[in-house]
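Spelled out, the chains give:
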Amino acid sequence: MQISDKVAVVTGASRGAGKGIAIALGAAGATVYVTGRTRNEGDAALPGTVQATAQAITEAGGTGIPLYCDHSDDDQVKTAFKRVEAQQGKIDILVNNATNLHDALTVKGPFWEKPLGLTQLWDVGMRSHYTASYYAAPLLLASDRGLIVNTSSFGGRIYMHGPAYGAGKAAVDKLAHDMAVDFRPHNVAVVSIWMGLLLTERTRLVFEAEPEMYADLVDTCETPQFTGRVIEALYRDPTLMERSGKVWIGAELGEEYGVTDINGRQPPSHRAFFGETTTYGDAVVE
């Protein structure tokens, strides 16, 4: 199965994980709509714009289309998906990645000593994943085969960066499980993928500030494009629906599918250190 005739939407793709995922899907030939708030370089503290990501997708071999959208505003989200509907009539792949990560996220200490603003990732993160899926649902049903991916991390199961981050990641994992129940009759799969430590613009700045401290971590990092390659392989899997409703470790899916990172490496799974993926019960109460 090729994805050159497929339509994808990747949220939060001005930079970071979303940008890498979008470029990888574009490299596989997909038409990729990318959402984000950054129109011009300098508007955000980190480099990257929605337009630049769309251009990189096209240069990689796909068709990149920017959608300026603030995912804290439901009306803007609705408008964005209405545009996709008008231009394409369907969505084959939705990647829910937009997340508001506070600068104090990795500050050490108990949650009551950190800014209350860390809870913003429950809005642009947990809630925005729900909202994007809500407005994308009719377009996914219009496809003969659909996939929603929530980007997540081991923080959904272990203590990582404190309770605000952990609750947000646990929530998007559970959203994938529960949405999969509703989508199953329509051949739309929903999964959550735990990514490893990513070489994003944000982490590169941290590494560059203290290179000796983080030297050992660099070799274990994934590039943002790796998850996009995994998502493409997952979509092409003929047993995709059997994967639905579950949490998967991206590195393990990559190994299973024979997907390597853009540097040719096979990123390691951190299961041995962080533990098992979250599992859910089979009962359904309507």
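Everything below is about the structure shown above.
What counts as what
- Residues numbered from 1 in each chain as written.
- Predicted model: local features only at pLDDT ≥ 70, side-chain atom pairs only at ≥ 80, totals over all residues.
- Heavy atoms only, no water.
- Pairing = 2+ DSSP bridges.
- Helix = DSSP H or I, 4+ residues; strand = E, 2+ residues; numbered from the N terminus.
- Axes fitted to C-alpha atoms, helices over the stretch in contact; angles between N-to-C directions.
- Salt bridge = Lys/Arg side-chain N within 4 Å of Asp/Glu carboxyl O.
- Buried < 20%, exposed > 50% of the residue type's maximum accessible area, 1.4 Å probe, protein only.
- Right-handed = clockwise from strand over helix to strand, strands pointing away.

Novice: Hey, could you run me through the sheet that holds strand E7 (residues 247–249) in this one?
Specialist: Remark on secondary structure: sheet strands pair via backbone hydrogen bonds, oriented parallel or antiparallel. Taken in spatial order, the seven strands line up as E3-E2-E1-E4-E5-E6-E7 in an open sheet, and their pairing is parallel. Edge positions in the sheet fall to strand E3 (63–68) and E7, since each of these pairs with one other strand and no more. Within the sheet, the average angular offset between the axes of one strand and its neighbour, ignoring direction, is 20°.

Novice: Explain the pattern of salt bridges to me, please; I cannot follow it from the model alone.
Specialist: Opposite charge on two side chains allows them to pair when their charged atoms are near. Evaluation of the coordinates by the stated rule reveals ten salt bridges. Between Lys174 and Asp178 there is a salt bridge whose closest N-O contact spans 2.8 Å. Within this pair, Lys174 and its partner Asp178 are both found in helix H5 (residues 163–183), separated by four residues, close to a single helical turn. For Lys174, a relative accessible area of 35% gives the class partly exposed. The partly exposed category is assigned to Asp178, whose relative accessible area is 35%. We note a salt bridge from Glu252 to Arg271, for which the minimum N-O separation is 2.7 Å. Placement of Glu252 in helix H10 (residues 250–257) and of Arg271 in helix H11 (residues 271–274) is noted, with a sequence separation of 19 residues between them. Residue Glu252 is classed as partly exposed on the basis of its relative accessible area of 23%. Residue classification places Arg271 among the partly exposed residues on the basis of a relative accessible area of 24%. It is possible to trace a salt-bridge network through shared partners that takes in Asp237, Arg243 and Glu256.

Novice: Can you walk me through the pairing of strand E2 (residues 31–36) in this structure?
Specialist: Side-chain positions along a regular strand alternate between the two faces of the sheet. Among the six residues in E2, six count as buried, and that is most of the element. Both faces of E2 are covered, namely the face carrying Thr31, Tyr33 and Thr35 and the face carrying Val32, Val34 and Gly36. In this fold, the crossover linking strand E1 (residues 7–10) to E2 by way of helix H1 (residues 16–27) has right-handed handedness. Bridge analysis of E2 against E3 gives six bridges, and the strand direction is parallel. In the sheet register, Thr35 faces E3, and the bridge partner there is Leu67. Each parallel crossover has a hand, and for E2 linked through helix H2 (residues 50–60) to E3 it is right-handed.

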